[in-house]
Amino acid sequence: MKVAVAQFKSVLGDFEKNLQKTVEFSEEAKKRGAKVCVFPELNLTGYNVWDITFEVAVQLNSPKLSPLIEMSREIDLIVGLVEESPEHIFYNSALYISNGNIKHVHRKVFLPTYGMFDEGRFFGQGNRIEAFDSALGRSSILICEDLWHMSTVYLSFIQGTEYLFALSASPGRGYKEKGMFGNAEVWMNMGEFYGRMTGSYFIYANRVGCEDGFVFSGKSFIASPYGELVVEASPFDEELLIADVKEELVRSARANLPLLRDERPEMVIKNLRRVLDEKQA
Amino acid sequence: MRSRLERELHIEDKAFIESVLTYFIREEVQKAGFQKVVVGISGGVDSALTAFLSVKALGKENVIGLSMPYRTSSRSSVEDARLVAEKLEIEFHEIDITPQIDAYFKQFPDADNVRRGNKMARERMSILYDFAHWKKALVIGTSNKSELLIGYSTRWGDSAHDINPIGDLYKTQVWEMAEFVGVPERIVKKKPSADLWPGQTDEGEIGLSYRTLDQILVGYVDLRLRREELIRAGFDQKTVERVLKMVRNSQYKRKMPIVCKIAQRTVDKDFLYLRDWGL
């Protein structure tokens, strides 16, 4: 089955323009035979939204999303936006839209608020890591900083996730690597490592473009359940990556390395409980 | 530790960083609705690197170089500025700022070098912005990270511009990159000078070499080392303290004017939008 990753450049704070381009990319992905098209974190709004947060936020029943709902009758979509909850809390969210419905919502759980990041100032924290069935199979969506915490990957894994969608808008930094920013290299290491350790596809959609001198690091990729890079994008250009993902390769990887079978969540939770109790005591 | 700091300054893949900087120039200029930039070319390595990157980013037909000497500017500065423009085959203007500077200081014959140097830097800024309007261009800045951090610049003079591709490169990294992109060797190798008065050199005025300065700065700024840790790394205590003091005392130069808050949202405080809002 084919999956598409749209390495995307957003216009900061212009929902309409970004929406239109999202539809165009989706049409192209559909034409090229993909069943799912994945976009980066906050692709419909731009990343450093700051006070624009409150101007570009949409509620999930908003007619503004109609073009995507319509598009999803032809190809499943994962898009990033600012979600406004009914009680007016604003989340950095990703939606899985399929066959005219928003089938799954992931609200970013870890909001980086340090150094150049200021997400905790504007967004509410998500609290759920929940696997769902995408067109590909058992899947989870995580957003950027989520993946820098092992716990989120573990929680996806333990729910049987075979396709991990990793959405990011990662500003480039670090000049110690070849042909890419330092952070792009970390993402690749992460994809190769987590792909292998979880026996899952790691599908990484990152931004390109520039917001006030933050140059997003591109290099989107798909890593296999054997931890190999299947496809990778350039550091700067918008492009559509397409790859064939194979359920049988997940099976093969998990037969050879039965880490999910041997995993012991009861032991983990007992120890977590003990550690927390000891800390409180 | 000191060798760790030296390594920290090394740029591994200069071709990649060149691509990043040229991508940045192209994106930020074109998103803002422009095609061209004007750059003040002094004959020094910072402006030479900036001009080279601009040409790579936008094409030689979209870069306008301005050399703005004063009568005391060294002849080699003027010649090196010409050399950069010739090498890049860009539109180039040489504007002598002596008449307006001298006309002003006729009223203040006792003005010291700093006043005169600052006035010249602001005169140059004023000319760059006049050209920017005339040529429908943005002003591209040439301040490196070392000078931004210690405040070795004239407020609203050379520090005023629209975009700056080299502001995250320390001076020693500017040398590395300049050599890589093909800036003529004699410009890369010469002693850095603001050339605001005869015989002035940066290192003489700052009182230490750029190598040492950059190692202390990269330790303090990029690695967040504390004063004691820098001293333990092998730097002289007085030098460390002086550098940290320069950084602290020049913070005002890196900020926009501060506004007194009386309302719910205040332009410089909690009206938070990037400049690229809508771009």
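In short, a report on the structure. Bear in mind the structure is a predicted one, so any value in this text is a computation, not a measurement.

Conventions used here
For every chain, the first residue of the written sequence is number 1, and numbering continues from 1 onward in sequence order. Naming scheme: in the order in which they are written, chains are lettered from A and ligands are numbered from 1. Local features in a predicted model are, by the rule used here, given only for residues with pLDDT of at least 70; side-chain atom pairs are given and counted only at 80 or more, and totals for whole chains, interfaces and linings are based on all residues. By convention in this description, side-chain values take in all heavy atoms of the structure and omit both hydrogens and water. Here a strand pair is declared whenever DSSP counts at least two bridges between the two strands. Strands here are runs of E lasting at least two residues and helices are runs of H or I lasting at least four, both read from the DSSP assignment and numbered beginning at the N terminus. In this analysis, axes come from line fits to C-alpha atoms, helices being fitted only over the stretch in contact, and the angle between any two N-to-C directions falls in the range 0 to 180 degrees. Should any heavy atoms of two residues lie within 4.5 Å, those residues are counted as being in contact. Put simply, buried area is the surface a 1.4 Å probe can reach on two separate parts but cannot reach once they are joined, added for both. By convention in these notes, a salt bridge is any Lys or Arg side-chain nitrogen within 4 Å of a carboxyl oxygen on Asp or Glu. Polar contact is the term for a pair of N or O atoms within 3.5 Å; when the atoms are in protein, one must be able to donate a hydrogen and the other to accept it, and sequence-neighboring residues count only if both atoms are side-chain atoms. Accessibility here uses a 1.4 Å probe with only protein chains present; expressed as a share of the type maximum, an area under 20% marks a residue as buried, one over 50% as exposed, and anything in between as partly exposed. Multiply 1.5 Å by the residue count of a helix minus one, and that product is the helix's expected span. The labels follow the angle: roughly parallel below 35 degrees, roughly antiparallel above 145, roughly perpendicular from 65 to 115, and oblique for the rest. With the far helix as reference, a near helix turned anticlockwise by less than a right angle produces a left-handed crossing, and one turned clockwise produces a right-handed crossing. Each residue gets one label: Ala, Val, Leu, Ile, Met, Phe, Trp, Tyr, Cys and Pro are nonpolar, Asp, Glu, Lys and Arg are charged, and the others, such as Gly, are polar. Side-chain rings of Phe, Tyr and Trp (the six-membered ring for Trp) are treated as a pair once their centres are within 6.5 Å; stacked means planes under 30 degrees apart, edge-to-face means over 60, and tilted covers the remaining angles. Two distance rules govern patches: like charges are joined within 9 Å, and nonpolar side chains (Val, Leu, Ile, Met, Phe, Trp, Tyr) within 5 Å, applied only to residues with over 30% relative accessible area and no salt bridge. Accessibility throughout is a Shrake-Rupley quantity obtained with a 1.4 Å probe, and a residue counts as covered only by protein chains that appear here. For the handedness criterion, the strands are oriented away from the viewer, and a crossover whose path from the first strand over the helix to the second runs clockwise is classed as right-handed.

Attention shifts here to the sheet that holds strand β5 (residues 101–107) of chain A. For sheets, the rule is that strands pair by backbone hydrogen bonds, running either parallel or antiparallel. Residues and elements named next belong to chain A. Pairing is mixed in the open sheet, where six strands are placed in the order β5-β4-β3-β2-β1-β14. With partners counted over all chains shown, the strands left at the sheet margins are β5 and β14 (239–244), one partner each. Shown here is a sheet whose adjacent strand axes are inclined to one another by a mean of 25 degrees, direction ignored. Taken together, the six bridges between strand β4 (residues 90–98) and β5 define a ladder with antiparallel strand orientation. Bridge pairing in β5 places S93 opposite R107. Strands β1 (2–7), β2 (34–38), β3 (76–84) and β14 of the sheet are contacted by helix α1 (residues 15–31), whose axis makes an angle of about 150 degrees with β2.

This part covers the interface of chain A and chain B. Each partner contributes residues to the interface: chain A has 29 residues there, and chain B has 29 residues. Of the roughly 2,500 Å² buried at the junction of chain A and chain B (both faces included), carbon and sulfur atoms supply 59%. When the buried surface of chain A facing chain B is broken down by residue, A:Y175, A:D212 and A:F236 rank first, second and third, together holding 28% of it. Inspection of the region where chain A meets chain B yields three salt bridges. Its salt-bridge partner being A:K178, residue B:E12 comes within 3.1 Å of it at the nearest N-O pair. Remark: the boundary between chain A and chain B carries 21 residue pairs in polar contact (both at pLDDT 80 or more).

Residue and element names in this part refer to chain B. With respect to the helices and strands, the residue L83 is situated in helix α4 (residues 75–88). For L83, a relative accessible area of 22% translates into the label partly exposed. L83 sits 35 residues away from A48 along the chain, and the two C-alpha atoms are 9.6 Å apart. Contacts of L83, omitting those with residues within four sequence positions, involve P184, R186 and I187.

Here the focus is helix α5 (residues 182–198) of chain A. Residues and elements named next belong to chain A. With 17 residues, α5 ought to run about 24 Å at 1.5 Å a step, and its terminal C-alpha atoms sit 24 Å apart, in line with that. Taken together, the buried positions of α5 are G182, N183, A184, W187, M188, M190, G191, Y194, G195 and T198. Buried residues along α5 sit in contact with α4 (150–158), β9 (201–205), β12 (221–223), β13 (229–232) and α6 (247–256). Positive phi shows up at G199, right after α5, with a value of about 60 degrees.

Attention now goes to the packing of helix α2 (residues 14–31) of chain B against helix α3 (residues 45–58) of chain B. All names here are of chain B. Relative to each other, α2 and α3 sit at 65 degrees, their axes nearing to 8 Å. Judged on the interaxial angle alone, α3 and α2 are roughly perpendicular. Pair α2 / α3 crosses with right-handed handedness. On α3, the residues that touch E18, L21, T22, I25, R26, V29 and Q30 of α2 are L53, S54, K56, A57 and L58. Broken down by class, the residue content of the contact of α2 with α3 amounts to six nonpolar, three polar and three charged.

Turning our attention to the sheet that holds β9(A). All names here are of chain A. What the six strands build is an open sheet, ordered β6-β7-β8-β9-β12-β13; its pairing is mixed. Single-partner strands in this sheet number two, and they are β6 (132–133) and β13. Alignment of strand β8 (residues 163–167) against β9, held across five bridges, turns out to be parallel. By the bridge assignment, F165 is partnered in β9 with I203. Strands β7 (138–143) and β8 of the sheet are contacted by α4, whose axis makes an angle of about 165 degrees with β7.

Residue and element names in this part refer to chain A. In terms of burial, β1 is largely enclosed, as five of its six residues are buried. Across six bridges, β1 lies against β14 in antiparallel orientation. Residue A4 lies in a different strand from β14, and its bridge partner there is I242.

It is worth spelling out the packing of aromatic side chains at this point. All names here are of chain A. Taken as a whole and judged by the stated rule, the model has 24 aromatic pairs over all chains. On the numbers, 5.0 Å between centres and 55 degrees between planes, the contact of Y96 with F132 is tilted. On the criterion of sequence distance, the pair formed by Y96 in strand β4 and F132 in strand β6 is long-range, its members being 36 residues apart. Of the two residues, Y96 and F132, neither departs from the other in class, the shared state being buried.

All names here are of chain A. Tracing the chain through its elements places S93 in strand β4. S93 gets classed as buried once you look at its relative accessible area, which sits at 0%. Within the structure, S93 has its side chain in polar contact with the side chain of E83 (distance 2.7 Å). When residues no more than four places from it in sequence are discounted, the contact partners of S93 are V79, G80, L81, E83, V105, H106, R107 and I143.

Attention now moves to a nonpolar patch on the surface. Taken together, A:F193, A:M197, A:L257 and A:L259 make up a surface patch of nonpolar side chains, about 320 Å² in accessible area. Among the secondary structure elements, A:L259 is positioned in helix α7 (residues 259–262).

All names here are of chain B. Of all five residues making up strand β1 (residues 36–40), four are buried, and the element is well covered by its neighbours. Of the pairings in the sheet, the one linking β1 to strand β4 (residues 137–139) comprises three bridges and is parallel in character. Paired with V38 across the bridge in β4 is V139. Pairing of β1 with strand β2 (residues 63–67) involves four bridges; the strand directions are parallel. Bridge pairing links V37 to V63 in β2. Handedness of the β-α-β unit built from β1, α3 and β2 comes out right-handed.

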